[in-house]
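# Topology and contacts: notes
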Amino acid sequence: MNPASEPILIVGGAGYIGSHINKGLSGQGYRTVVFDNFSCGHREFLKWGEFVEGDLADVGQIRGLFAQYRFAAVMHFSAFTYVGESVSDPAKYYANNVTNTLNLLNVMRENTVNKFIFSSSAATYGDPVETPITETHPLAPINPYGRTKLMVENILADYSSAYDVRYTALRYFNAAGADPETEVGEWHDPETHLIPLVLDAALGTRKNIQIYGTDYDTPDGTCVRDYIHVADLADAHIRALERLLRGEGSAVFNLGNGKGFSVREVIDIAGKVTGRNIPVIETDRRPGDPAVLIADAKKAESVLGWRPRYPGLDAIIESAWKWHRKLFGEKAED
Ligand code: UDP
């Protein structure tokens, strides 16, 4: 089968990660259809392929979409992702991240569309018992967001055993950076992620960056994370899709660089990349944050042939900075 002959459905393709995947797939000659309700996505990110506005909460709309197109595969990015909000409003997270995903999977079954790429998360592991984390590490999420991701992984495993469905779950560590051509990038409202907030402080659109906790059991007392460039995530998704289109079976992969950076290191590197002073305030820990999350992504390297093209945090922050200035209206100096 020519993989480009039938379209790929990108649910949530107007969001941060989905839009980079849409760009990557389109650039490789795939036909794409984005399905999005703009609860988090942006119309400005609809730059490639076709588009249908709709909501996974409405089974009739999903059926209409599948009546309009015959999809080669489905990629799903339309989950809510704020850990703190998942603690204060779990109903919102279970409804969208679990029930709505089931709606999608069931309409796929009705239409015998049987290849699914799922955007999962390192939050499925919870507090690591060993680092770096491999895919066989125990799954013990410590917040509702992580539990929704694990529930969907479990549903997928059961569907894959019982029905003619094959899936790949990609467990991301900390997605960061922006399209090197700045056509799309990170744009959340409200923004809660470290790197865009640090860049706001560099730009002067916020007064400072708060460090959430300086008493962790880490070399400098601040949390350590594994930041992975969103363009590298996109590349891994395309490889995972091609593997499913070749007829291979269900699988789970970690996606990260295998190198951790503390919050202080992120702020230091951002200071060097931007050449700006970044005022810092030390505050209490944020509930639900594990001290260290570092991926072992060797399985993705060996099975998918994936190698990150932007392994350095300076290159990741440079791309984010270029996008950030474009988004918030500051003229780039270079
Ligand atoms: N963080 C911080 N100040 C902020 C936002 C985040 O110190 O204003 C820390 C957070 O506690 C975590 C790391 O930065 O240790 C990355 O957080 P982010 O929200 O970007 O991603 P997460 O790890 O929650 O997926």
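Preceding block: the structure.
As a starting point, this report considers the structure included with it. (Residues numbered from 1 in each chain as written. Predicted model: local features only at pLDDT ≥ 70, side-chain atom pairs only at ≥ 80, totals over all residues. Heavy atoms only, no water.)

## Digging into the overall build of the chain
Filter applied, for reference: Starting at the N terminus, helices and strands are each numbered in turn, a helix being any DSSP run of H or I of at least four residues and a strand any DSSP run of E of at least two. The globule rule used for comparison is 2.2 Å times the number of residues to the exponent 0.38, while the radius of gyration itself is calculated over C-alpha atoms. Values of accessible area rely on a 1.4 Å probe in the Shrake-Rupley scheme; residue burial ignores everything except the protein chains shown.
A tally of helices and strands in the chain yields ten helices and 14 strands. The C-alpha atoms of the chain give 19 Å as radius of gyration, which agrees with the globular expectation for 334 residues (20 Å, within 12%). Dimensions of the chain, computed from the C-alpha atoms along their principal axes, are close to 55 × 45 × 40 Å. Surface summary for the chain: the accessible area is close to 13900 Å², and the carbon and sulfur share equals 49%.

## Things to note about empty space enclosed by the protein
We count it as follows: Cavities and pockets are found on a 1 Å grid laid over the protein atoms alone: a cavity is a set of points where a 1.4 Å probe fits but cannot escape, a pocket is an open set with protein on both sides within 12 Å along at least five of seven lines, and a lining residue has an atom within 4 Å of such a point. Grid points are joined across faces, edges and corners, and a volume is the space filled by probe spheres set on the points. Amino acids outside the nonpolar list (Ala, Val, Leu, Ile, Met, Phe, Trp, Tyr, Cys, Pro) and the charged list (Asp, Glu, Lys, Arg) are all regarded as polar, and Gly is one of them.
Counted according to the given criterion, the structure contains one cavity of 30 Å³ or more. Taken together, E186, I195, P196, L199, A320, W323 and H324 make up the full set of residues lining the largest cavity. Mapped onto the lining of the largest cavity, the elements with two or more residues apiece are α6 (194-203) and α10 (313-327). Its residues assigned to classes, the lining of the largest cavity comprises five nonpolar, one polar and one charged.

## Re the packing of α6 against α10
Threshold: Lines fitted to the C-alpha atoms define the axes, with helices restricted to the stretch that makes contact. Angles between their N-to-C directions range from 0 to 180 degrees. For classification purposes, an angle smaller than 35 degrees is called roughly parallel, one larger than 145 roughly antiparallel, one from 65 to 115 roughly perpendicular, and anything else oblique. Crossings are assigned a handedness: left-handed for a near helix turned anticlockwise from the far helix by less than a right angle, right-handed for a clockwise turn. Residues count as neighbours in contact if any of their non-hydrogen atoms are within 4.5 Å of one another.
Following both chains from N to C, one finds α6 and α10 inclined at 60°, their axes separated by 10 Å at the closest point. Viewed along their axes, α6 and α10 adopt a mutual orientation that is oblique. The two elements α6 and α10 cross, and the hand of that crossing is right-handed. Along its contact with α6, which presents I195, P196, L199, D200, A202 and L203, the element α10 presents L313, I317, A320, W321, H324 and R325. Grouping the constituent residues of the contact of α6 with α10 by class yields nine nonpolar, one polar and two charged.

## Side note on the sheet that holds strand β1 (residues 8-11)
Spelled out, the test is: DSSP calls a pair of strands paired once it identifies at least 2 bridges connecting them.
Taken together, the seven strands give an open sheet; going across it, the order is β3-β2-β1-β4-β5-β6-β11, and neighbouring strands pair in parallel fashion. One side of each edge strand has no neighbouring strand; the edge strands of this open sheet are β3 (50-53) and β11 (251-255). Within this sheet the neighbouring strands show an average axis-to-axis angle of 20°, counted without direction. The pairing of strand β5 (residues 115-121) with strand β6 (residues 166-172) spans seven bridges and is classified as parallel. By the bridge assignment for β6, S120 is matched with R171. Sheet strands in contact with helix α5 (residues 144-162) are β5, β6 and β11, and its direction is about 155° off that of β5.

## Comments concerning the sheet that holds strand β14 (residues 292-293)
The strand order across the open sheet built from three strands is β12-β9-β14, with neighbouring strands paired in mixed fashion. The open sheet has two edge strands, β12 (261-262) and β14, and neither has a second partner. Pairing between strand β9 (residues 224-225) and β14: two bridges, direction parallel. The residue of β14 that forms the bridge with V224 is V292.

## Thoughts on the nonpolar core
Keep this limit in mind: Note on terminology: a nonpolar core comprises buried Ala, Val, Leu, Ile, Met, Phe, Trp, Tyr and Cys residues joined through side-chain atoms within 4.5 Å. Burial classes: relative accessible area under 20% of the type maximum marks a residue as buried, over 50% as exposed, and values in between as partly exposed (1.4 Å probe, protein chains only).
Counting 32 residues, the largest nonpolar core has L25 and L241 as its most contacted members. At the level of elements, β1, α1 (16-27), β4 (73-76), β6, α7 (230-245), β11 and α9 (298-304) are the ones that each hand at least two residues to this core. If one sorts the elements of this core by residue count, α7 sits on top with nine residues. Setting aside chain neighbours within four positions, we find L25 in contact with I8, I10, Y30, T32, M75, I238 and L241. Membership of the second largest hydrophobic core comes to 27 residues, among which are L65, Y69, M108 and V113.

## Quick word on unusual backbone geometry
Going from T131 to P132, the amide bond is cis rather than trans, its omega being -10°. With an omega of 5°, the peptide bond running from D189 to P190 counts as cis. Position of P190 among the secondary structure elements: in the loop between β7 (174-176) and α6.

## Quick notes on helix α2 (residues 59-68)
Note the cut-off: When we speak of the arc, we mean the arc of directions from the helix axis to the C-beta atoms. Identification of polar contacts relies on pairs of N or O atoms within 3.5 Å, with a donor-acceptor requirement for protein atoms, meaning one able to donate a hydrogen and the other able to accept it, and with residues adjacent in sequence counted only if both atoms are side-chain atoms.
Every buried residue of α2 is listed here: I62, L65 and F66. The buried residues of α2 occupy an angular sector of 95° when projected down its axis, which confines them to one face. Away from its buried face by more than 90 degrees, α2 exposes A67 and Q68. On its buried side, α2 packs onto β1, β2 (32-36), β3, β4 and α4 (90-110). For α2, the side-chain oxygen to backbone nitrogen distance between the N-cap and G60 is 3.0 Å, and the N-cap itself is D58.

## Some details on α7
Heads up, the condition is: Here the expected length of a helix is defined as 1.5 Å per residue gap, with one fewer gap than residues.
The first and last C-alpha atoms of α7 sit 22 Å apart over 16 residues, in line with the 22 Å expected at 1.5 Å per residue. Of the residues one or two after α7, G247 is the one with positive phi, at around 100°.

## Section: the site of the ligand
The criterion, for reference: Note on terminology: near, applied to a residue and a molecule or strand, indicates that one of the residue's heavy atoms is within 4 Å of it.
Taken together, 15 residues surround the ligand, and among them L194, Q210, R225, R286 and D289 come closest. The separation between a nitrogen atom of the ligand and a polar main-chain atom of Q210 is 2.6 Å. Within the side chain of R286, a nitrogen or oxygen atom sits 2.7 Å from an oxygen atom of the ligand. Look at the ligand: alone it shows 510 Å² of surface, and the protein chains cover 89% of it. Counting residues per element, the ones that place at least two in the shell around the ligand are α6 and β8 (209-212). With four residues, β8 is the largest single contributor of residues to the shell around the ligand. Considered class by class, the residues forming the shell around the ligand number eight nonpolar, four polar and three charged.

Purely geometric stuff here, so don't read any function into it on its own.
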